Amino acid sequence: MGACTVSSISELTRVLLARRDFCLCVKHAASDDIIESLLTKASRLKTDGERVLIVCADDVVAARYYSRLPLFLGLSNENITTMRELSSQVLARPEIRRTLGRGPRVLDDNEHDVLLEDLKTSGVRPRRLREMLKFFYRNLSHCPHEDTDWLLTAEERTVYALLTENLAVRQAVLPCEMASLACRGLLEAEPAVGGEPATAIVDGYETLSEASQFLLDILFPNCLIVAGSTSEAQSFAEPYPNFQGFSSFCDTHANAELIELETSRPAGEEVRLSYADPVAEFEGVTAAIASHLAFGIAPRDVLVAVPNLTWGRRVVAELARKGIRAALDEGPVKIEGDPRTFERCENLRLAAFLKLFLDSRDFTALRSWLGFGDWLLRSDAFLDLMAYAQSQKLDMQAAIEELHNQAADIRLFPTFTKLEGPLAELDALRQACADISRKDAITLFAQHKMPLDEHMVEMLGPHPQHADITELASHGFAAAPAADVDTLIVAPYQRCYGRHVRVTFLTGLVNGFLPGLDAVDDRYTIDHRSSALNRERKLFETIKATASEKLICSYFQRDRIENAERLNMQTTRLFVKDTTRYATVAPSVFLTHQGERNDYERY
C-alpha cells in the first residue's frame, strides 16, 4: 500500500487527478471541505468516458453535492446518490428480491412503533424488549451475512425469530439492515451478481456501518475512492458507524493508496453568549445573525444549530420577524400520535390510508391500518392470522383477501372478525375516493376521524368537482423541499454533519441538550455517563468543525420548571419569581467561561 501527505486542498486535487486505476483512501480533518476535489476527480472521470457514482453518507452531504454540480462538466444528478439509496437499488433488483424474499420497502419510525407493539406478544417486558432490539440492530448493521451466532439465550432467539417473521410478513426491511441484506442478496443470488463497471467516490466513508462498507467493496471491488474525516463523526443516516473502516479498507485492497490531508489552517474564532432564558436567547441570537448578514456574510454561509425541531421553528420565526429568510432542515419527521389509542392516531391513520391509496399491495401500511386503536386485541389476532396463513401455505395478503371475501359463518378462521371493521372501512374509503368533489373529500376524511389540515386541503387542488387524492397521497406527509442555496439553514445538532459554512451559531448549549442528560446526571452509572459523554463530545466537535471563521455558542440561565422537566434539562436549583416557578439550568460541560460576554444582567 502506498501513502502520501498533502498540505492543501489544491494539492489534493492535483494528486487525485494524477492517480489512475487505484483504490484511493483520503483522510482529512473534519473542518476541511474537500468536496471541490472529489467533484473535480468525478468530472475528469466522466469526461474521459468512464462511469462514476458519488456515494454520500446521508442526504445532507448529498444536498451539498447537488448544489455544486452546475460548476462541473459532465456531471448530473444521476451521478449522486446516498448509501441508503444505493442499498435500496440493490434490494430492488429482481434476482435479489427472489433470493431474499423481501424488497426495498423501509419501515419509517411510526411503522417501527407498530412493529414494536406486535413484538410485545412475545411476553418480554417492554424495557427489556427495547434493549434487546438495540442489540439486534447493532449486529444487523455489522453482519453482512445471516449469521446468528450472536444470539446467546433462548429468549433472544425467540424474539429474533418473531422479529424476522414480522418483517418477512410485511415484506419490509429495517433501515439498519438494508446494507446487510443487500450484501447477502448479492452473495447468494442465482445467477451470481458481479461488481459494477463504474468508479465510486464515497464521501463520509468513516461514518458508514460495517455492512455498508462491505457492500461498497462488493459493488466496486477495484474502482473505489473513499474519503472521510479522521475524527469519529457520525452522520444522521448511520446509527452504528464503523470507525475502523479506513484500516480495513487499506488492509483489504493491496493496491490502495492512502492520501492524508494535513492543512495548517488556523482554528476559527470562538464567541460565547449567555442569556437569561430561552426567549432572550432567541432574540439575542437573531440579532447577532442580522448583524453578521449586515456585514456582508451571505445567508448560505451561516448555520444555526439547534437542540430540537421546536427550538428550530422558534428561531426561524424570530428570523422571519427581522425579514431574514431561513429554512429548518427537519429531515425525516415522525408523525405525532399513539397507535394504541384511537383518539390519538388521527394523522397515523391518514398516513397509512394514503399509502394504501397509492399502493393497495403495501402490506406494511395495511398492517398499521388493521391495528390502530386496539393493539392488545388486534396484535394477538394478527399473530393468529400469521399462523393460519402459514398452515394454509398462503402469503398474508392472499390470506386476508380470501377470508375477507368469505361469509363469516363458513370461515375456518373465526378470529378474523376482529379485523373486519378496519378492512370494511378501508374498502369504503377507497370507493368513496375514486371520484369525489373537493368539499366532499374534506367532509369524508373528517367523518372518518382523519381531518385534513390547511396544507393538505390545498393539495386537493382548485377544482371544486374533483379532489386530487393522488396529489394528497403523494405529498401530504412528504418532507419539506430542500432550501435553495441562498437560504440560511437552521438544523438540529444531529443533522450538522457534512456542512461547511463561515459562521455557525450553536444554540441552546445547556446540559440536557448537549450533552444529553444521560451524560451528566447522577441517576446513570459512571460507565454509562462516561460512554454517553464521549458520544456527545464527538457531536459537539462535529458541529464546531462546520465553522471555518467563527463559532458562536449561546446558552440560557433559566427556564420554567415545566419546560426544564419536559425537555430533560439538568437543573441546579428551583426558585419563584413573580409567582412563576423557574429552574436554574446548568450550562453545557463543553463550555468554558473564560472571555465570555454575559448578557444575563440585562434581563
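Residues numbered from 1 in each chain as written. Predicted model: local features only at pLDDT ≥ 70, side-chain atom pairs only at ≥ 80, totals over all residues. Heavy atoms only, no water.

A. View of the overall build of the chain. Along the chain, the regular secondary structure elements total 23 helices and 17 strands. Radius of gyration (C-alpha) of the chain: 26 Å, near the 25 Å computed for a compact globule of 603 residues. By principal-axis analysis of the C-alpha atoms, the chain measures approximately 80 × 70 × 60 Å. Put simply, the chain has 603 residues, and 51% of those count as buried. A separation of at least 24 residues holds for 73% of the contacts in the chain among residues at least 6 apart in sequence. (Helix = DSSP H or I, 4+ residues; strand = E, 2+ residues; numbered from the N terminus. Rg over C-alpha atoms; globule rule 2.2 N^0.38 Å. Buried < 20%, exposed > 50% of the residue type's maximum accessible area, 1.4 Å probe, protein only. Contact = heavy atoms within 4.5 Å.)

B. A look at the pairing of strand E5 (residues 199-203). Across the five residues of E5, five count as buried, placing the element largely inside the fold. Every second residue of E5 is oriented toward a common face, with Thr-199, Ile-201 and Asp-203 on one face and Ala-200 and Val-202 on the other, all of them buried. Pairing analysis gives five bridges linking strand E3 (residues 52-56) to E5, with the strands arranged parallel. Pairing of Val-55 across the sheet is with Val-202, part of E5. Of the pairings in the sheet, the one linking E5 to strand E6 (residues 224-229) comprises four bridges and is parallel in character. Bridging across to E6, Ala-200 finds its partner in Leu-224. Following the backbone out of E5, through helix H10 (residues 210-219) and into the adjacent parallel E6, one traces a crossover that is right-handed. (Pairing = 2+ DSSP bridges. Right-handed = clockwise from strand over helix to strand, strands pointing away.)

C. Representation of the packing of aromatic side chains within the structure. In the structure shown here, the tally under the stated rule is 14 aromatic pairs. Considering the side-chain rings of Phe-136 and Tyr-160, the 5.4 Å spacing of their centres and the 80 degrees angle between planes classify their relative orientation as edge-to-face. Of this pair, Phe-136 sits in helix H7 (residues 126-142) while Tyr-160 sits in helix H8 (residues 154-170), placing them 24 residues apart in sequence. Given the relative accessible area of 0%, Phe-136 is considered buried. Judged by relative accessible area, Tyr-160 falls into the buried class, the value being 10%. Pairing Phe-282 with Trp-311 gives two aromatic rings, centres 5.0 Å apart and planes at 65 degrees, and the pair type is edge-to-face. Placement of the pair is Phe-282 in helix H12 (residues 278-294) and Trp-311 in helix H13 (residues 309-321), with a sequence separation of 29 residues. Residue Phe-282 shares its accessibility class with Trp-311, and that shared class is buried. Three or more aromatic residues joined by ring pairs make a cluster, and in this case those are Phe-282, Trp-311, Phe-513 and Phe-556. Here Arg-367 stacks its cationic end above the ring of Phe-382, 4.0 Å away from the centre of that ring. (Phe/Tyr/Trp six-rings, centres within 6.5 Å; stacked < 30°, edge-to-face > 60°. Lys NZ or Arg CZ within 6 Å of the ring centre and 35° of its normal.)

D. Summary view of the sheet that holds strand E15 (residues 571-577). The antiparallel open sheet is built from three strands, whose spatial order is E14-E16-E15. Pairing within the sheet leaves two strands with one partner each, and these edge strands are strand E14 (558-560) and E15. Pairs of neighbouring strands in the sheet enclose a mean axial angle of 30 degrees, with direction left out of account. The pairing of E15 with strand E16 (residues 580-585) spans six bridges and is antiparallel. In the strand pairing of E16, Lys-577 is matched with Thr-580. (Axes fitted to C-alpha atoms, helices over the stretch in contact; angles between N-to-C directions.)

E. Representation of the packing of helix H14 (residues 346-358) against helix H15 (residues 363-371). H15 packs onto H14 with a crossing angle of 140 degrees between their chain directions and a minimal axis gap of 9 Å. Classified by chirality, the crossing of H15 by H14 is left-handed. Here Arg-349, Ala-352, Phe-353, Lys-355 and Leu-356 of H14 come into contact with H15, specifically with Ala-365, Leu-366, Ser-368 and Trp-369. (Left-handed = near helix turned anticlockwise from the far one by under 90°.)

F. Just the layout of surface pockets, in detail. Taken as a whole, the second largest pocket spans an internal volume of roughly 470 Å³. Forming the walls of the second largest pocket are 21 residues, and the residues nearest its centre are Ala-168, Val-169, Arg-170, Gln-171 and Phe-363. Listing elements by their share of the lining of the second largest pocket, those giving two or more residues are H8, helix H16 (375-391) and helix H17 (396-405). No other element matches H8, which puts four residues into the lining of the second largest pocket. Split by residue class, the lining of the second largest pocket holds eight nonpolar, four polar and nine charged. (1 Å grid on protein atoms, 1.4 Å probe; cavity = no way out; pocket = protein on both sides within 12 Å on 5 of 7 lines; lining within 4 Å. Points joined across faces, edges and corners; volume = space filled by probe spheres on them. Nonpolar A, V, L, I, M, F, W, Y, C, P; charged D, E, K, R; others polar.)

G. Structural view of the pattern of salt bridges. With the rule as written, the count across this model stands at 33 salt bridges. The closest approach of N and O atoms between Glu-257 and Arg-19, which form a salt bridge, is 2.9 Å. One end of the pair, Glu-257, is in strand E7 (residues 257-261); the other, Arg-19, is in the loop between helix H1 (9-18) and strand E2 (24-28), with 238 residues separating them in the sequence. A salt bridge links Arg-502 to Glu-549; the nearest nitrogen and oxygen atoms lie 2.9 Å apart. With a gap of 47 residues between them, Arg-502 in strand E12 (residues 501-506) and Glu-549 in strand E13 (residues 547-556) connect regions that are remote in the sequence. Classification of Arg-502 as partly exposed rests on a relative accessible area of 28%. (Salt bridge = Lys/Arg side-chain N within 4 Å of Asp/Glu carboxyl O.)

H. How the structure looks around H8. Compared with an ideal rise of 1.5 Å per residue, which puts 17 residues at 24 Å, H8 spans 24 Å between its outermost C-alpha atoms and is within 8% of the ideal. Turning to H8, its buried residues are Glu-156, Val-159, Tyr-160, Leu-162, Leu-163, Asn-166, Leu-167, Val-169 and Arg-170. Two residues or fewer after H8 comes Gln-171, characterised by a positive phi angle close to 55 degrees. (Expected span 1.5 Å × (residues − 1).)

I. Quick peek at the state of the cysteines. Applying the stated criterion across every chain, the model contains zero disulfides. Here Cys-25 is not disulfide-linked; the sulfur of Cys-250 is the nearest cysteine sulfur, at 4.3 Å. As a non-bridged cysteine, Cys-56 has Cys-25 as the owner of its nearest cysteine sulfur, 17 Å distant. (Disulfide = S-S within 2.5 Å.)

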